Structure formats: C-alpha cells, structure tokens
Amino acid sequence: MRPAFIWAVITKEARDLLANRLLLGAVVLPALIFASIPTGIVAFLEANELDPEQLGQIGQYIDQFPDLDPKLAAQGFIVLNFMAYFLLIPAMVPMAIATQSVIGEKTARSLEPQLATPMEVSELLIGKAIASATPAVLATWGVFVLYGLVNGAVADPVLTRLIFNDVWRVAMLTLVPLICLLSVMLGIVVSSRVNDARTAQQIGGFIVIPVIAVAVAGFFSGQASFTMEQVLIADLAVAALIGLALAAGNWAFDREAILTRLG
Amino acid sequence: MIEAIGLRKAFKSLIAVHDLSFTVSDGEIFGLLGPNGAGKTTSVRMLAGLIGPTEGTARINGLQLGHDSQRIFSIAGVLTETPGLHEKLTARQNLGYYGRLYGMRGAGLRRAVDRYLGVVGLADVGDRRVGGFSKGMRQKVAIARALLHEPEIVYLDEPTSALDPSAAKTVRDFVATLRDAGRSIVVCTHNLDEAERLCDRIGIMRATLLEVDTPARLRRRNGSASVRVELVGARRPESFLDLLSDLPFVEAARVDDGTLLVEVSDPRGDNPELVRTLVEAGARIVGVREDAVTLEQVYLDLVGEPGQRDARTIGEVA
C-alpha cells in the first residue's frame, strides 16, 4: 500500500467534491436539519412552562437525571435521545458521495485510464473511501459541536456538558468515522456493480439503514444514551464489517469486469 | 518491444480475439486496422495488462503479461478509446493527477505537464476545467496524459478521432517523433488514411490478424500493380500490346481509356525497362504512373463490404 498514490486519489476526489456544490450541500444540510429538530423542541420547552402531566412516557426517562429539575431533565433527555441521528447521518451521507464518485467515473469512463496506471485497485478504493468519508465525518463533528453549544446557550450550560459527555466524545472520535467508512465501502461495492447512482444509493441504503437502525434501537431500549461499553462493542463490530466490506470491494471492483461491462 | 503470442480472449460464448500473434519492434508504429467490433480495443487492453487473456501471452519489453503487470503499467502509456477525463478538474489538474499515479512529483511533474500541454496546443487553457472543452480538446488532454510519463510502450486507440485535420497532423507528427525516439507504438484505428500515413506496418484484423505487412506491400498483396502509360502521337496504343506481351515481367497489358494499362509485379524495378522498351519501339510517352490499389480496396477485400460483414457476423453468431 503506497500512501502517495492514496493521497493523489484523495486530493483529486476533494477537488471534485469542492467543485460539486450540490453534493457539498448534501453533506452538511441533513446534519443541520436533524440537529435543529431537538434544538427547536428544547427552545420551545425553554419558552414555556412544563406541565408534569404532559410529560407522558418521557416521565419514566427523566428519572435518569435525578440532579436536574424536571424541565431541564426533559430537555436533557431530548437532546441525548436525538443524538442517534449523529450516527444515521454518517451512515447515509458518505454513501451518496461514494456512489456518485464511482458511478460518475463509470459514466465518464475515467476508470480505465486510472486502472492502466501502476496504482493498485485497493489504493484507488482506499483513496476514494477516505475522500468520501472525510466530509461527512467533519460535518458530523462540526454539527455535534454546534449542537452542544447552541443547546447550552438556548437552555442551560448543563445541556452542553450532557452532550459533550465522555461516551459521546469517544463515539464521535471512533464510531462516527468507522460508520462513515462502512457506509462508503458498501457504496463502492454496490456502485461497482450497477451503472446508475440512484439505484446504487437505494441498494446501499437498504443495506446500511437496517444495520444502523438495529444498533440504535438496541442501544436506546430504555436508556437515554449509550454506555461506553456499548460504544466500544459497536466500534469493534463496525470495524469487522469494514474488513468484510473491503474484501467485498476488492472482489466487486474487479478491473476486468468493470472495463468489459462498460464496453 | 511487444510480442503477442497466440492471444485469445473470450467473453462467455463470444470470442472477441483469437490466435493473435505479432511483434512490434522498438521504433516501430504498428497499426491494428479493423471494423468496429473487430477486437482492436480488447487486444490493446490485453497488451496493456488491463484484462487478462483467456489463452496465450505477451512479452512487453521482456516483461511477462500477468506476472509483471505493475511494471508493465509503469512503462506503458495508454490512450483509451474515450478520453475519460475528470470533468470538474482543469486540464493541468487532470495531468497532474495522472503524473502522480505514475510516480512523478514536484518540479519534474510540473515541467512535464507544461511540456505536454504545449505539445498538444493547450498551454493557454490548461487552467480551465475540461468539462467545458470540445471533443478535440479533450482528446488532446487524453493524448498528453498517455505520454506524460515518457512511456517506452505506447498504445493509442483512435488517436486522431475528433481532431481537426491540423490537430490530427500535429498528433501524427508527434507520434512519429516517439517512433524516432525508439518507442514501440500500437495504434488502433479504422481510419485507413491515418493507418497509411502513420504506421510502419499494419495488421488488418477481424478477431484475428487477417494480414500483416507494410502499407505499400499490402496494396500490392495481389502480387501485381497496374502501371498506366499515357501516349501521344500517331501510333495507337493498341499497336504496342504485342510488344509488351513479349516482355517477361509484364503479367498483362490492355488499353484503357486511351492509355496503356500494364500489370507488373514490381513497378519500381520494372518501370525503367518498360519505358525504355516502349521508347525504342517509337512510343511518345507523356506520363507514367502507378495505378495503385488503395488500402481501402485491400481492407474491404479482407474484411468484406459492410453488407457481407454483417451477414457473416450473423452467420457466426447463429
């Protein structure tokens, strides 16, 4: 594996992405939209008196925050509970970039000249994977920081501390990049076999969303947030899946099959 | 040097190429000439190491196809059938990217990019995105990309397609300089004029090589050439036919449209003797020219007219 080749692919892909404003918007906007929903609810609660009768099911969860008054506990539960979206975004957005990258190259027939160079297929795949995953990781981190600061400012600094807890900091630093990479690898595998970006994203989404949804549902059954143990187990599981996806990528991204299928 | 030895490529039941054997020496331009679907691109892809042959092998400057693929990629430059550029990047960025993939770095890479942008006449637009380029400009960038790393072996698939006559000549001249520099060059084309102007030898292909020779010898593949002798004066051309039939090197002679049409096996060797004999017999000659068989005639003779070709293809598939 030669870093110079991987870096060449990354810089080329970054230039491509920066020139594609629509795709760039698709990286940041979903994260901002998801983050704005709980922030809006927190702001609404902050602006209104909280009637304990209206807490409903949330009432059983706010007991997890015994040190906070009920209103702040409800806000705390909401900001933490919605943070699952910070895992769904890296699962979906990088796949869009990766499928666009591979399908775009297949359509433009720019894969053949690259495959005719001394670059290994695995180097091309890794370069593409890193280049597709990085924007989503950075966008997720950026929106995560914004989420913590804005909710703290809107309601109470306690919310900032709740959001930036140890578990979520570890999840952001490890689980988010790993999920991004898994999403990208699956996007590359799928898009190497089809010639239409929308079809690739639909198939890819079909694979990724249940995986993440099951994980998220499991983690959130009866608890406001993850435990550190759950995050570390998820890290290992996703890393193993990346290994499988990389092997599948090398198989699916067969030089000859891609060239001959393109005519 | 390129040595193709019995290459065969089958895609399931379709045999794209079979029994393909030829050599291309250092400093030689070899043309693969054939109709669409003749297997030219598949052959080049095999020789470039992009796809593996079903049978047979090839040696590229001594490197074995399949075993030394990475080294073959390093020493070969491939102009693909379509330019395949990165549309959002500038011409300079496109070339810079490929230069890095061929291991070029820093000032050397920048110099090479500048040089080849100049060679293909795109120095002024090097910083423009290729997405806005015309077909011809894209083809020029693709040519520069194939040559940027100074490859020892060059594969050019339809190099002058989409180029205007002036740009096509520039490219042909440049390819000739590559030949003079000792590179082995394979050109795929179905452009007969280009093949004739550019190639030292031509292989006419339809899944396999039907004929390989120099353009001049291919034109004379039927064994003789027609020499047209134009006469003036009182004597009718018919009066020289008996005389000509006695000459040992004359294969046939007749009068066509008021001129003598003489078939000889070697015009360069036989014409002086032919002219001397006619002059001594009192003929007043105003012109002698070879009525050459065109490469197109040879090509059509070998691969068949389009109608025949389709019928044959259908028959083969059935």
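Computed from a predicted model, the values in this text were never measured in an experiment. (Residues numbered from 1 in each chain as written. Chains lettered and ligands numbered in written order. Predicted model: local features only at pLDDT ≥ 70, side-chain atom pairs only at ≥ 80, totals over all residues. Heavy atoms only, no water.)

(A) The arrangement of a nonpolar patch on the surface in detail. Residue and element names in this part refer to chain A. A contiguous nonpolar patch, built from V28, L29, L32, I33, I37, I41, L146, V150 and V154 and spanning about 670 Å² of accessible area, is present on the exposed surface. Breaking the nonpolar patch down by element, the ones donating at least two residues are α2 (21-47) and α7 (121-154). Residue contributions to the nonpolar patch peak at six residues, all from α2. In this structure, L32 sits in helix α2. (Patch = residues over 30% accessible without salt bridge, like charges linked within 9 Å, V, L, I, M, F, W, Y side chains within 5 Å. Areas by Shrake-Rupley, 256 points an atom, 1.4 Å probe, with all protein chains shown as cover. Salt bridge = Lys/Arg side-chain N within 4 Å of Asp/Glu carboxyl O. Helix = DSSP H or I, 4+ residues; strand = E, 2+ residues; numbered from the N terminus.)

(B) Highlighting the sheet that holds strand β14 (residues 284-291) of chain B. All names here are of chain B. Pairing in this open sheet of four strands is antiparallel, and the strands run β12-β13-β11-β14 from one edge to the other. Edge strands, defined here as strands with exactly one partner in the open sheet, are β12 (250-256) and β14. Strand-to-strand twist in this sheet, taken as the mean axis angle between neighbours without regard to direction, amounts to 20°. Note: strand β11 (residues 225-232) against strand β13 (residues 259-264), five bridges, orientation antiparallel. Opposite V227, over in β13, you have V262 as the bridge partner. (Pairing = 2+ DSSP bridges. Axes fitted to C-alpha atoms, helices over the stretch in contact; angles between N-to-C directions.)

(C) Geometry of unusual backbone geometry. Residue and element names in this part refer to chain A. A positive phi is found at R109, a non-glycine position, where the angle reads about 60°. On the secondary structure map, R109 appears in the loop between α5 (85-108) and α6 (111-115). Classification of R109 as partly exposed rests on a relative accessible area of 32%. (Buried < 20%, exposed > 50% of the residue type's maximum accessible area, 1.4 Å probe, protein only.)

(D) Here's a closer look at the packing of helix α3 (residues 91-101) of chain B against helix α4 (residues 106-119) of chain B. Residue and element names in this part refer to chain B. At their nearest, the axes of α3 and α4 sit 10 Å apart, and the two run at 130° to each other. On the basis of the axis angle, α3 is oblique to α4. In this structure, the crossing between α3 and α4 has a hand that is right-handed. Only L109, V113, D114 and L117 of α4 make contact with α3, whose side of the interface consists of A91, R92, L95, G96, G99 and R100. Taken together, the residues that form the contact of α3 with α4 break down as five nonpolar, two polar and three charged. (Parallel < 35°, antiparallel > 145°, perpendicular 65-115°, else oblique. Left-handed = near helix turned anticlockwise from the far one by under 90°. Contact = heavy atoms within 4.5 Å. Nonpolar A, V, L, I, M, F, W, Y, C, P; charged D, E, K, R; others polar.)

(E) Broad picture of the side chain of S110(A). With respect to the helices, strands and loops of the structure, S110(A) is situated in the loop between α5 and α6. Classification of S110(A) by relative accessible area gives buried; the value is 1%. Setting aside residues up to four positions removed in sequence, S110(A) forms contacts with E105(A), G84(B), L85(B), H86(B) and Y98(B).

(F) Spatial organisation of the nonpolar core. Counting residues in each nonpolar core, the largest one holds 105 residues, and the members touching the most others are F86(A), W168(A), F253(A), L47(B), I60(B) and Y155(B). Ranked by residue count, the leading element in this core is helix α9 (residues 166-193) of chain A, at 14 residues. Beyond its immediate chain neighbours, meaning those up to four positions away, F253(A) contacts V102(A), L111(A), V121(A), L124(A), L125(A), I188(A), S192(A) and I258(A). The next biggest cluster of nonpolar side chains, apart from the first, holds 48 residues, and it includes A167(B), A195(B), I204(B) and V298(B). (Core = buried A, V, L, I, M, F, W, Y, C linked by side-chain atoms within 4.5 Å.)

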